[in-house]
Amino acid sequence: MEIVKISPFEGCSLLGMNGGCPESPDGKRMIYAIKDNLLDQETKMILCNTDLTDHRELCTIKCGNHNGPSATFIDNSLVVFRDGSEGIGTFIIMDVDTLEIKYKIRAKESHCAESGKYPFSVDAKFMGKNPEHPEIDTCGIYILDVYTGKITLVMTEDEIKQMVSDAGYTALPNVGAVSHVQLNPSGTSVMMRLGVPECPVFGALGCKDLLTGKYHIIPDKPVHQLWYDDDTYMATRQFNHYETVDGHETNIIECETSYLARFTKDGQELEVLGGVANHMDGSPDREYFTGDRCYPGYATDIYLYKKGSKEPILTIPIPQNEDTVWVRKVHANPSFSKDGKRIYFNRPDEFGGSNAYFVDISAFLDKK
């Protein structure tokens, strides 16, 4: 097994969220970010071929280390990434061939686009910040059609509050400030992470079926959820307990008991997908799953699982650097390539930095 560094540049390099494949749909190009060091906000977006040739700078932005700029491809030319240069969350959609910025919207970005539809969320701090898009006139969840420019409000903040209240939970004033917004593959359902006081450890997971208007909520949700298919999620099941540490009652999220599983929109566990994990992803054919051991006190090793087995078929070792992972917030965030033959990830080093890498896993997959 060879662990391959992606960036030829000095400094640090970063990939985005778990499940946020950095490759173009045709698998020919990829996008990542570089910065001088993990203390720096100034970040350069870099495009290269997946054979690691032709690295070139697209633009300079500002972002932290957690999920980097969350960069993904929308099609073979359009990419989306976040930027904090204006002092407020913004996502940018750029044509990497012409370097034209197609859209620049002040809002909370999502995981990725589905068939040219990019969801995003708007809360109170974004109101009035998009004068070029007067249709963004209320808090809620929107979908941008990147080809027509049409922006559609699909769930208002009042709907989110009502969904939470109807499920028997407390809808705090800021419950509309959702995160991890994702469309299912057909674009007919949208999910979001909700902050509710009854679920202080893992939060709640909400979903709206856009065709029927039906709502779903999972309290104390599985974590780092992604769509498995149109109707179910894949995510990490985590458990927690409380211990007295230095005289204080401390919440401990367990590593050894965590595992990957598939869930209905209402939280019923359907099947086990893999073993110990935190941030996770599934191969395009959903036959293999990967997750990192991102828990305090452990090196964030990455595991590859054959569907249904909790025993890994491959372990990718990661140097243990608690400061980089928990203070600098660089998480491994493993993601499969478009053909399912690579795992991309962030790998902290022993010296306080971090870089983006991949491993070719072809030799560990069943030959078909």
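Presented here is a report on the structure given in the accompanying data block.

## Considerations on the pattern of salt bridges
Stage number 1. Using the criterion set out here, one finds 20 salt bridges in the structure.
Stage number 2. Across the pair Arg262 and Asp229 runs a salt bridge whose closest N-O atoms are separated by 3.0 Å. Of this pair, Arg262 sits in strand β21 (residues 259-264) while Asp229 sits in the loop between β17 (223-227) and β18 (232-237); the two residues are 33 residues apart in sequence, bridging distant segments of the chain.
Stage number 3. With a closest N to O distance of 3.1 Å, Arg293 and Asp301 form a salt bridge.
Stage number 4. Judged by its relative accessible area of 13%, Asp301 is buried.
Stage number 5. One salt-bridge network, held together by shared partners, links Glu86, Lys104, Arg106 and Glu132.

## Structural notes on the packing of aromatic side chains
Stage number 1. One pass over the full model with this rule turns up 9 aromatic pairs.
Stage number 2. A ring pair is formed by Phe91 and Tyr118, whose centres lie 4.9 Å apart and whose planes are at 55 degrees; its orientation type is tilted. Placement of Phe91 in strand β8 (residues 90-95) and of Tyr118 in strand β10 (residues 117-122) is noted, with a sequence separation of 27 residues between them.
Stage number 3. Residue classification places Tyr118 among the buried residues on the basis of a relative accessible area of 1%.
Stage number 4. Seen in terms of ring centroids, Phe345 and Tyr357 are 6.3 Å apart; in terms of plane orientation they differ by 15 degrees. Their pairing is stacked. Of this pair, Phe345 sits in strand β28 (residues 342-348) while Tyr357 is found in strand β29 (residues 354-360), placing the two residues 12 residues apart along the sequence.
Stage number 5. In this arrangement the basic side chain of Arg286 is found over the ring face of Tyr228, its NZ or CZ atom lying 5.7 Å from the centre.
Stage number 6. The ring of Tyr259 carries the charged tip of Lys310 above its face, separated from the ring centre by 4.1 Å.

Conventions and cut-offs
- Residues numbered from 1 in each chain as written.
- Predicted model: local features only at pLDDT ≥ 70, side-chain atom pairs only at ≥ 80, totals over all residues.
- Heavy atoms only, no water.
- Salt bridge = Lys/Arg side-chain N within 4 Å of Asp/Glu carboxyl O.
- Helix = DSSP H or I, 4+ residues; strand = E, 2+ residues; numbered from the N terminus.
- Buried < 20%, exposed > 50% of the residue type's maximum accessible area, 1.4 Å probe, protein only.
- Phe/Tyr/Trp six-rings, centres within 6.5 Å; stacked < 30°, edge-to-face > 60°.
- Lys NZ or Arg CZ within 6 Å of the ring centre and 35° of its normal.

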